[in-house]
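Single-letter residue listing:
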Amino acid sequence: GGTPTETKTEAAKYLLSFGLDGQRADQANHLLNAMLEWEEDSSSSNPAFARETNSIALEYRGSFANGLDLQLGVRHDNNSVFDDATSWTASASYTFAGSGVRLHSSAGTGVVNPSYFELFANSTFGSTTYLGNPNFQPEENRSFDFGIEVPFLQGRGLVDVTYFDETLTGEIESYMVNATTFSYRNQAGDSDRKGVELAASLEASEYLDLRLSYTYLDATNPDGSVEIRRPEHELLLSATLDAFNGRGSVTADIRHVAGNWDSQFFGSFATAELPDYTTVDVAAQYELTDNVVLTGRVTNLFDEDYADVWGYAKRGRAAYIGVRASF
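Residues numbered from 1 in each chain as written. Predicted model: local features only at pLDDT ≥ 70, side-chain atom pairs only at ≥ 80, totals over all residues. Heavy atoms only, no water.

Draft legend 1. Region of interest: the environment of Asp308. The residue Asp308 is located in the loop between β20 (292-299) and β21 (318-325) in this model. Between the C-alpha atoms of Asp308 and Asp262, which are 46 residues apart in sequence, the distance is 8.2 Å. Leaving out residues up to four positions away in the same chain, Asp308 has contacts with Arg229, Asn260, Leu274, Tyr277 and Lys314. (Helix = DSSP H or I, 4+ residues; strand = E, 2+ residues; numbered from the N terminus. Contact = heavy atoms within 4.5 Å.)

Okay, structure coming up:
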């Protein structure tokens, strides 16, 4: 029943890629990217809410004959409302000749500006009112990771283990002003997220491919409490079987999530751990002709009752069938 609000974004972007070694940009071993960007937001609710950002960025990508790959980038944002910001990114990868073992690492920084709703909200839904905070500061992020990738079984299999560490300063959060009002603020201090990612793949046979991915995440607020809606454990097992004499395939995915916390907006209003859950998805496709493919999938095959947010159930079993054509 409120007055509709229209938020408009206008933008212009220019990207130049130049081969520093005299090669075409899409074939160069040493590449320079330069970017110019202009973006302006406006809101019908108040002309004073308009904001503009002008950005410039440079990036170098290099691939060397000894197995070393490098990436270096820097970006500067000139903001009309928030403080100007400079962010950077760097990554490196080195592959050992003969063994195929690859070391990789990356690091960087980033900035996220508050949304219009977080800044200027003044809305009531039922008995709950949301008020914005125009005194926000952007979130600032810095992170790094390093890992190793190891092939095995003559290249039929691959295992990658990566450690990551991320720090978010001034994280934006909602909080209860009183029993009926919510607002937003920057957390005082650093929110830390760190953990390990494991990825593996295996060509088990000519017809069967297996994949595994697992993430362990330790995410905490500045006061040491657990970050909500960031599962501690996520595991995905996947298998794809070529079938129908190569004209089709069947894929099954098993996903397990554990250690996910969220705040309850009912009852005791406590931050509590959601139940662990496991879901199974199945998909298949079959080439009816060289140009027409029959597709089908079933999500949440066993109709598991689960949620990633307190009070919001996820979709139950669902089946889809379709046709994909190319011409």
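Draft legend 2. Region of the structure containing the sheet that holds strand β12 (residues 181-186). With respect to topology, four strands assemble into an open sheet ordered β7-β8-β12-β11, the strand pairing being mixed. Each edge of the sheet is formed by a strand with only one pairing partner; in this case those strands are β7 (122-125) and β11 (172-178). Going across the sheet, the axis of each strand differs from the next one's by a mean of 25°, ignoring polarity. Across six bridges, the pairing between β11 and β12 is antiparallel. Paired with Ile172 across the strands is Asn186, a residue of β12. (Pairing = 2+ DSSP bridges. Axes fitted to C-alpha atoms, helices over the stretch in contact; angles between N-to-C directions.)

Draft legend 3. Structural context of the packing of aromatic side chains. Here the structure, examined in full by the defined rule, presents 13 aromatic pairs. Arranged with centres 6.0 Å apart and planes meeting at 40°, the rings of Tyr116 and Phe120 form a pair that is tilted. Note that Tyr116 and Phe120 are positioned in helix α1 (residues 116-120) at a spacing of four residues, about one turn of the helix. A relative accessible area of 29% places Phe120 in the partly exposed class. Ring plane angle 85° and centroid distance 5.2 Å describe the contact between Phe244 and Tyr286, whose orientation is recorded as edge-to-face. Of this pair, Phe244 sits in the loop between β15 (233-243) and β16 (248-258) while Tyr286 sits in strand β19 (residues 277-287), and the two are 42 residues apart along the sequence. (Phe/Tyr/Trp six-rings, centres within 6.5 Å; stacked < 30°, edge-to-face > 60°. Buried < 20%, exposed > 50% of the residue type's maximum accessible area, 1.4 Å probe, protein only.)

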